[in-house]
Amino acid sequence: MKEMEKLLWIMKSLRDPETGCPWDREQSMDSIRGYTLEEAYEVVDAIERGSMEDIRDELGDLLFHIIFYSEMANEQGAFDFRELVDKAGTKLERRHPHVFAGMEVENSEQVKQIWEQNKQKERQQEAGTSLLLDDISAHQPAMLRALKLQKRAASVGFDWDNSADIIGKIEEELHELKESIQENDNPEHIAEELGDLMFCCVNLARHFHIDPELALRQTNNKFVERFNYIESTLKQDNKSLDETGLEEMDRLWNEAKTKKNA
């Protein structure tokens, strides 16, 4: 498409050693990775706000980052944007044999199983490893890594049979955390027990096909909404948060919950 060709040309122009932008020329894959993560979160934020205009703009920013990385890789002789797109297309065809190779499937659950099986074959062929969890990067948000670890283990049958068993495990981990706190245990052990509990909560979310990251984002937004209600209500009464006791703030918190439910 001519629009894509223009975007590729713009990126090459920005990276031109003589006539390009000084800032863009100085960047490396390592230096812009933080910006890329920020752009990805801005896409999610736009989706949550339901603004199609913002979704379009944020996706464009994220696409530009992909082109930025591919241009830097091209300069190093590793790969270019066209190779990136070709590999992505080939992979999608390979992982969707029910669409492109005549395989029959009954439901989306079976599709996910085929997808994971194909990914596992690819990992073993490309990395030459027989260890199932080796290529799940440790350099990603802990909640996301926990979810990926659990999904990978579940793909070979290492999984809970039902959600009731997971809830039982959560109760067990919560009991161990309480014991550690009551015994005035060292912070490291409390952190370990707390981590075990959080890992189990991620597992419960996975069993109900809930993305734990999105669930927590929703709770964060709910907290902000209710706390803002507390502060706004106090301001209307010419009061500040600093001079208001916990009992009054708790009353306003419950008031915010009631109004939201209504």
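Residues numbered from 1 in each chain as written. Predicted model: local features only at pLDDT ≥ 70, side-chain atom pairs only at ≥ 80, totals over all residues. Heavy atoms only, no water.

### A word on the packing of helix H3 (residues 29–49) against helix H11 (residues 212–236)
The description of two helices packed together rests on the angle between their axes and the distance between the axes. Defined as follows: Orientation is described by axes fitted as lines to C-alpha atoms, over the contacting stretch for helices, and by angles from 0 to 180 degrees between their N-to-C directions. Only runs of H or I of at least four residues qualify as helices and only runs of E of at least two qualify as strands under DSSP, and these elements are numbered from the N terminus. Rotating anticlockwise by less than a right angle from the far helix to the near helix defines a left-handed crossing, while the corresponding clockwise rotation defines a right-handed one. By definition in these notes, contact holds between two residues if any of their heavy atoms fall within 4.5 Å. Polar here means any residue outside two lists: the nonpolar Ala, Val, Leu, Ile, Met, Phe, Trp, Tyr, Cys and Pro, and the charged Asp, Glu, Lys and Arg; Gly therefore counts as polar.
Interhelical geometry of H3 versus H11 gives an angle of 65° and a closest axis separation of 13 Å. At the point where H3 passes H11, the crossing takes the right-handed sense. Across from Tyr41, Val44, Asp45 and Glu48 in H3, the residues of H11 making contact are Glu213, Leu214, Arg217 and Asn221. Its residues assigned to classes, the contact of H3 with H11 comprises three nonpolar, one polar and four charged.

### A closer look at the pattern of salt bridges
What counts is decided by this rule: Think of a salt bridge as a Lys or Arg side-chain nitrogen and an Asp or Glu carboxyl oxygen that are within 4 Å of each other. Accessible area is worked out with a 1.4 Å probe on protein chains only. A residue is then buried under 20% of its type maximum, exposed over 50%, and partly exposed in between.
Across all of its chains, the model carries 16 salt bridges by this definition. Two residues, Lys112 and Glu109, come together in a salt bridge whose shortest N-O distance is 3.4 Å. Of the two residues, Lys112 and Glu109 are both situated in helix H7 (residues 108–127); the distance of three residues between them amounts to about one turn of the helix. Judged by its relative accessible area of 43%, Lys112 is partly exposed. The closest approach of N and O atoms between Arg251 and Glu248, which form a salt bridge, is 2.8 Å. Residue Arg251 and its partner Glu248 are both found in helix H12 (residues 246–261); the two are separated by three residues, about one turn of the helix. Residue Arg251 is classed as partly exposed on the basis of its relative accessible area of 42%. A residue is classified by how much of its surface remains accessible, and Glu248, at 25% relative accessible area, is partly exposed.

### Some words on the environment of Arg226
Considering the arrangement of structural elements, one finds Arg226 in helix H11. Sequence separation between Arg226 and Ala256 is 30 residues, and the spatial gap between their C-alpha atoms is 5.7 Å. With sequence-adjacent residues up to four places away left out, Arg226 is seen in contact with Trp253, Ala256 and Lys257.

### Brief notes about the nonpolar core
Put simply, the test is: For this analysis, a nonpolar core means a set of buried residues of the types Ala, Val, Leu, Ile, Met, Phe, Trp, Tyr and Cys, connected via side-chain atoms within 4.5 Å.
Among the nonpolar cores identified, the biggest contains ten residues, and these are Met4, Leu8, Met11, Ile32, Phe64, Ile67, Phe68, Tyr69, Met72 and Phe81. Of all the secondary-structure elements, those providing two or more residues to this core are helix H1 (2–14) and helix H4 (52–75). Look past the residues within four positions of Ile32 in its chain and what remains in contact with it is Trp23, Gln27, His65, Phe68, Tyr69 and Met72. In this structure, Ile166, Ile170, Leu177 and Leu197 belong to the second largest nonpolar core, which totals five residues.

### Observations regarding H11
In an α-helix, one full turn covers 3.6 residues, which means residues spaced three or four apart are oriented alike. Convention followed: Every helix has an expected span of 1.5 Å times one less than the residues it contains. Within 3.5 Å is the distance limit for a polar contact, defined as a pair of N or O atoms, with the added protein rule that one can donate a hydrogen and the other accept it, and that residues adjacent in sequence qualify only through two side-chain atoms.
Taking 1.5 Å per residue, 25 residues should reach 36 Å; H11 reaches 36 Å between its end C-alpha atoms and fits that length. All of the buried residues in H11 are Pro212, Arg217, Arg226, Tyr229, Ile230, Thr233 and Leu234. In the core, the buried residues of H11 are packed alongside H3, helix H8 (142–154), helix H10 (187–207) and H12. Among the residues of H11, the N-terminal cap falls to Asp211, whose side-chain oxygen and the backbone nitrogen of Glu213 are separated by 2.9 Å. A positive backbone phi angle near 60° is found at Asn238, which sits one or two residues after H11.

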